[in-house]
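Here's the letter readout for the chains.
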Amino acid sequence: MQHPGPPRFVAVGESVQLAPRDPDPEATYTWRVRSAPAASTVELPGDEPVVEFVPDAAGTFQLELDAPNGTHRLTIRAFPGELAPVGRASGASGMSGWSGFQSGSGRRPGESGGVSGSGSGARSGGGGGGRPRIQLRGSVEGNELVVRADPQPHPDSDVDRDEMTVEFLVDDRDDVDEGQIETDGWEFRIPTAAVSDRVRIHGVAVAEAYSVPDTIEFTREAVPDGGEGRGLTVSAGADAAGRSSDDSAAEPTGTDEAAFEVVRTNDPPEWAKDVTLYEVYVRGFTDGGGGDDETVFDALTERLDYLADLGVDCLWLTPVLENDHAPHGYNITDFFSIAADLGDREDYERFVAAAHDRGMKVLFDLVLNHSARAHPFFQDAYRNPDSEYYDWYDWREDGEPETYFDWEYIANWNFANLAVRRHLLDAVDTWFEIADGFRCDMAWAVPDTFWQELRDRVKARDPEFLLLDETIPYVPDFHDGMFDMHFDTTLYFSLRQVGRGDAPAEAILDAVDQRAGVGFPPHAAFMLYIENHDEARYVVECGDDAAMAAAGALVTLPGVPMLYGGQELGQRGRRDALAWEHAREELFEHYERLLDLRAELPALGYDGTLDRIDYESDTDRAVAFARERDDTYVCVLNFGDEPATVTLDDHAVDPTDRVSGESLATAEGLRVDDVAVFRAL
């Protein structure tokens, strides 16, 4: 392949990393500027395969990469510098040498995690402003492929939606007669005859800043008997809902005809939208193997029925590769071998198969930013500039490896080295085969170009493969052809503040609103959590009452809930072996009821809207809101030590709580202990 990937939207002064894909470390690659705005004097070093490009003028740049399989063209649209989203970490992803806050958290240094909206990138002042959002829709109309944009201004913006502009770029990798493209405001059209096998259209909205891009892909294929592919397959004359242009149902032709698959490439996989995730800390979840013939994976398998009964349908296992014996497993010494203390590859494959037999997906914890210092490559390279692996790592001037947070057992890879990229891509290929998705550790510390290549690589083979990023604070640009789902770090911190009594309960709704405030597109998915292996247990920090309400928040707020192993048992130790014999039955049953309710009520799922409502409460530790999809439900969360009485100003509800099955009506209002869900009348 070796083409450097999709076109890029940036602002003047922002850095863009350029790198060939599927690289051959022994080959020669040369970059050059083919065309540029008249005011530009930028040049590229021609002898480096991986370079940083910083546009110096607004306009369109055409770059070229000479590679062993030919010359590839890449378009970069540079907006004026004042349109750069404030706080956007341009050029920082994958850059070594930061010092920071918390081991294992992936939190960016210098950015507070304790305030809702930290790292938002939203503008303030000047009449509001902020980053707009965009969503593209594709259809086939007659003999044309049509993309329509739905741009939305920032929630605090004074810009009228009708004044927003949309810019489209066709992917440089696609064979298209660009002379036949027509654009009219928010609409893009191209005749089907002008497209070869595939065309990808990328678009951004522009107001006070430019948005995270969105993409529509059209793929031409012969479809016998009206069959469907991975996306929505429609023949010429049908729209993206599968209807013909006269709104009648499209009938199969019974013959092979040219048809187009219309794919929204940035949408999360369907299966991932409504799952319940569960993090398994592999060296603490069980007591280990039961004897010489039982591995840790065997012991984990024995717990799968328990997890299925709880309502879990997707497992995230902490790293299972060979490591330096730190029990968390994130300091990897061999990216191709299962850790011997857990079992071997066959044992792992049997565990994954057993999970699949129970309808569960399995996420592989992918650690790509660094290796352990105990890795043999690092051992050979340390203080040895003549080592063949010396340039595989980033080094400080004092001869020590670059790292983050003063971690003393890891060393950062040098992603400017094609051999490093090749090594890690081979590891991706190896573990892709026996996983349903990757949970990507420290996503912000790996270059965007690598994540974009990884995504295209795995999605070409399995479009339903899930990519989940861990980055603190979250990064809206990571939904630009990189990840399907994101850790909702802002909501996590808000739930901690509310649980401690440091913020009113209403702050959790502000945290959800912050997704739009920072510029995440409406199709982005989020993983909700209140604890993981890097954080203190919520029940320890915030107490039992708040923990019961926080459990309710996980299943009633928009997003995919994640439980950390033992959370449902009342476990108090962060990484201790689970105290199964001391499990708190009332907490387990609470989670079980909540997860059952989420599965029962579509309004609580991915497609359910969140609406603020008018209510009154006798405590600021309670909050009420509505979720709607067909039916409407009012949810009340109370993080306080005492029951809260809540009255609803504009919603009549059935006072029977769908969680407990009991009526919570009193003369004063609805009396809620921790979490309640009411059907609106």
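Above this text you will find the structure in question.
Residues numbered from 1 in each chain as written. Predicted model: local features only at pLDDT ≥ 70, side-chain atom pairs only at ≥ 80, totals over all residues. Heavy atoms only, no water.

Quick word on the overall build of the chain
Right, so step 1: Check the secondary structure of the chain and you find eleven helices and 34 strands.
Right, so step 2: Partitioning the intrachain contacts of the chain with sequence separation of at least 6 by distance along the chain shows that 69% fall at a separation of at least 24.
Right, so step 3: For the chain, the computed accessible surface area is about 25,700 Å², with 43% contributed by carbon and sulfur atoms. (Helix = DSSP H or I, 4+ residues; strand = E, 2+ residues; numbered from the N terminus. Contact = heavy atoms within 4.5 Å. Areas by Shrake-Rupley, 256 points an atom, 1.4 Å probe, with all protein chains shown as cover.)

Here we look at the sheet that holds strand β32 (residues 644-648)
Right, so step 1: Read across the open sheet, the three strands follow the order β29-β32-β33; overall the sheet is antiparallel. Where the open sheet ends on each side, the last strands, each with one partner, are β29 (615-617) and β33 (670-672). Within the sheet, the average angular offset between the axes of one strand and its neighbour, ignoring direction, is 30 degrees.
Right, so step 2: Pairing of β32 with β33, which is carried by three bridges, proceeds in the antiparallel orientation. By the bridge assignment for β33, Thr645 is matched with Arg671. (Pairing = 2+ DSSP bridges. Axes fitted to C-alpha atoms, helices over the stretch in contact; angles between N-to-C directions.)

With respect to helix α5 (residues 418-432)
Because an α-helix completes one turn every 3.6 residues, residues spaced three or four positions apart along the sequence face the same direction.
Right, so step 1: Between the first and last C-alpha of α5 there are 21 Å, a value that for 15 residues agrees with the 21 Å anticipated at 1.5 Å per step.
Right, so step 2: With 13 of its 15 residues buried, α5 lies for the most part within the structure.
Right, so step 3: Residue Asn417 occupies the N-cap position of α5, its side-chain oxygen lying 2.8 Å from the main-chain nitrogen of Ala419. (Expected span 1.5 Å × (residues − 1). Buried < 20%, exposed > 50% of the residue type's maximum accessible area, 1.4 Å probe, protein only. Polar contact = N/O pair within 3.5 Å; in protein donor to acceptor, adjacent residues only side chain to side chain.)

A closer look at the packing of aromatic side chains
Right, so step 1: Scanning the entire structure with this criterion turns up 41 aromatic pairs.
Right, so step 2: Between Tyr278 and Phe285, the ring centres sit 5.8 Å apart and the planes meet at 75 degrees, which makes this aromatic pair edge-to-face.
Right, so step 3: Phe285 sits in the buried class, given a relative accessible area of 2%.
Right, so step 4: Here Phe377 and Trp392 contribute two aromatic rings whose centre-to-centre distance is 5.1 Å and whose plane-to-plane angle is 75 degrees, an arrangement assigned as edge-to-face. Pair noted here: Phe377 is in helix α4 (residues 376-381) and Trp392 is in the loop between α4 and β22 (410-412), with a separation of 15 residues, a long-range link. Take Phe377 and Trp392: they sit in the same class, and that class is buried.
Right, so step 5: Cation over ring: Arg303 sits above Trp580, and NZ or CZ is 3.7 Å from the ring centre.
Right, so step 6: Here the basic side chain of Lys361 rests over the ring of Trp271, its NZ or CZ set 5.2 Å away from the ring centre. (Phe/Tyr/Trp six-rings, centres within 6.5 Å; stacked < 30°, edge-to-face > 60°. Lys NZ or Arg CZ within 6 Å of the ring centre and 35° of its normal.)

Some words on the side chain of Ser40
Right, so step 1: Relative to the helices and strands, Ser40 resides in the loop between β3 (30-35) and β4 (51-53).
Right, so step 2: With a relative accessible area of 15%, Ser40 lands in the buried category.
Right, so step 3: A polar atom in the side chain of Ser40 sits 3.2 Å from the backbone nitrogen of Val42.
Right, so step 4: One polar contact links Ser40 to Asp56, side chain to side chain, over a distance of 2.6 Å.

Things to note about the pattern of salt bridges
Right, so step 1: For the structure shown, the criterion picks out 54 salt bridges.
Right, so step 2: The partner of Arg439 in a salt bridge is Glu470, with the nearest N and O atoms 3.5 Å apart. With Arg439 in strand β23 (residues 437-440) and Glu470 in the loop between β24 (466-469) and β25 (485-487), this residue pair connects regions lying 31 residues apart in the sequence.
Right, so step 3: Taken together, the shared-partner salt bridges in this structure form one network comprising Arg21, Asp171, Arg173, Asp174, Arg198, Arg200 and Asp456. (Salt bridge = Lys/Arg side-chain N within 4 Å of Asp/Glu carboxyl O.)

Observations concerning the environment of Arg671
Right, so step 1: With respect to the element layout, Arg671 can be found in strand β33.
Right, so step 2: Here the alpha-carbon distance between Arg671 and Val646, two residues 25 residues apart in the chain, equals 6.5 Å.
Right, so step 3: If sequence neighbours within four positions are ignored, Arg671 has contacts with Pro643, Ala644, Thr645, Leu664 and Thr666.

Remarks on the nonpolar core
Right, so step 1: Core analysis: the biggest nonpolar cluster contains 162 residues, and Leu317, Phe438 and Phe639 have the highest contact counts within it.
Right, so step 2: Considering each element in turn, this core owes the most residues, nine residues, to helix α10 (residues 544-556).
Right, so step 3: In this view, Phe438 contacts Leu363, Phe364, Leu366, Val428, Trp431, Phe432, Leu454, Val458, Phe465, Leu466, Leu467 and Leu468; residues no more than four positions away in its chain are not counted.
Right, so step 4: Val42, Val51, Ile76 and Ala78 belong to the second largest nonpolar core, which has 29 residues in total. (Core = buried A, V, L, I, M, F, W, Y, C linked by side-chain atoms within 4.5 Å.)

A look at the environment of Asp576
Right, so step 1: Within the secondary structure layout, Asp576 lies in the loop between β27 (560-564) and α11 (585-600).
Right, so step 2: Overall, the relative accessible area of 47% leaves Asp576 in the partly exposed class.
Right, so step 3: Residues Asp576 and Arg283 lie 293 residues apart in sequence; the distance between their C-alpha atoms is 9.0 Å.
Right, so step 4: When residues no more than four places from it in sequence are discounted, the contact partners of Asp576 are Gly284 and Gln571.

A short note on the sheet that holds strand β17 (residues 314-317)
Right, so step 1: Strand order in the closed barrel formed by eight strands is β16-β17-β20-β23-β24-β25-β26-β27, and the pairing between neighbours is parallel. The mean inter-strand angle of the sheet, taken between neighbouring strand axes irrespective of direction, is 25 degrees.
Right, so step 2: Note that β25 and strand β26 (residues 525-528) share three bridges and pair parallel. The residue of β26 that forms the bridge with Met485 is Ala525.

With respect to α10
Right, so step 1: Compared with an ideal rise of 1.5 Å per residue, which puts 13 residues at 18 Å, α10 spans 19 Å between its outermost C-alpha atoms and is within 8% of the ideal.
Right, so step 2: Most of α10 sits out of view: eleven of its 13 residues are buried.
Right, so step 3: Listed as buried for α10 are Ala546, Ala547, Met548, Ala549, Ala550, Ala551, Gly552, Ala553, Leu554, Val555 and Thr556.

Here's the deal with the environment of Gly605
Right, so step 1: With respect to the element layout, Gly605 can be found in the loop between α11 and β28 (609-612).
Right, so step 2: Overall, the relative accessible area of 7% leaves Gly605 in the buried class.
Right, so step 3: Excluding anything up to four places from it in sequence, Gly605 contacts Asp274 and Arg627.

Section: a negative patch on the surface
Right, so step 1: A cluster of like negative charges, contributed by Asp545, Asp641, Glu642 and Asp673, occupies part of the molecular surface.
Right, so step 2: Tracing the backbone shows Asp545 in helix α10.
Right, so step 3: What makes Asp545 partly exposed here is its relative accessible area of 33%. (Patch = residues over 30% accessible without salt bridge, like charges linked within 9 Å, V, L, I, M, F, W, Y side chains within 5 Å. Lys, Arg positive; Asp, Glu negative; His and termini not counted. Charge placed at Lys NZ, Arg CZ, Asp CG, Glu CD.)

Some remarks on the packing of α10 against α11
Right, so step 1: The geometry of α10 relative to α11 is characterised by a closest axis approach of 9 Å and an angle of 20 degrees between their N-to-C directions. In terms of axis orientation, α10 runs roughly parallel to α11. Two packed elements cross with a definite hand, and for α10 against α11 that hand is right-handed. Of the residues in α11, those touching α10 at Met548, Ala551, Gly552 and Val555 are Leu587, His590, Tyr591, Leu594, Leu595 and Arg598.
Right, so step 2: Here the residues of the contact of α10 with α11 are counted per class, giving seven nonpolar, two polar and one charged. (Parallel < 35°, antiparallel > 145°, perpendicular 65-115°, else oblique. Left-handed = near helix turned anticlockwise from the far one by under 90°. Nonpolar A, V, L, I, M, F, W, Y, C, P; charged D, E, K, R; others polar.)

A look at the packing of helix α7 (residues 489-500) against helix α8 (residues 507-518)
Right, so step 1: The interhelical angle for the contact between α7 and α8, taken along N-to-C directions, is 170 degrees, at an axis separation of 9 Å. Between α7 and α8, the angle is such that the two are roughly antiparallel. For the pair formed by α7 and α8, the contact residues are Thr490, Leu491, Ser494, Leu495 and Val498 on the first element and Ala507, Ile508, Ala511, Val512, Gln514 and Arg515 on the second.

Focus: unusual backbone geometry
Most peptide bonds are trans, and most residues other than glycine sit at a negative phi.
Right, so step 1: For the bond running from Ile472 to Pro473, omega is -5 degrees, close enough to zero to count as cis.
Right, so step 2: Along the chain, Pro473 falls in the loop between β24 and β25.
Right, so step 3: A positive phi angle is found at Asp22, which is not glycine, with a value near 45 degrees.
Right, so step 4: When its relative accessible area of 27% is taken as the criterion, Asp22 is described as partly exposed.
Right, so step 5: Even without a glycine there, the phi angle at His325 is positive, about 80 degrees.
Right, so step 6: Among the structural elements, His325 can be located in the loop between β18 (321-323) and β19 (332-338).

Structural measurements only, silent on function.
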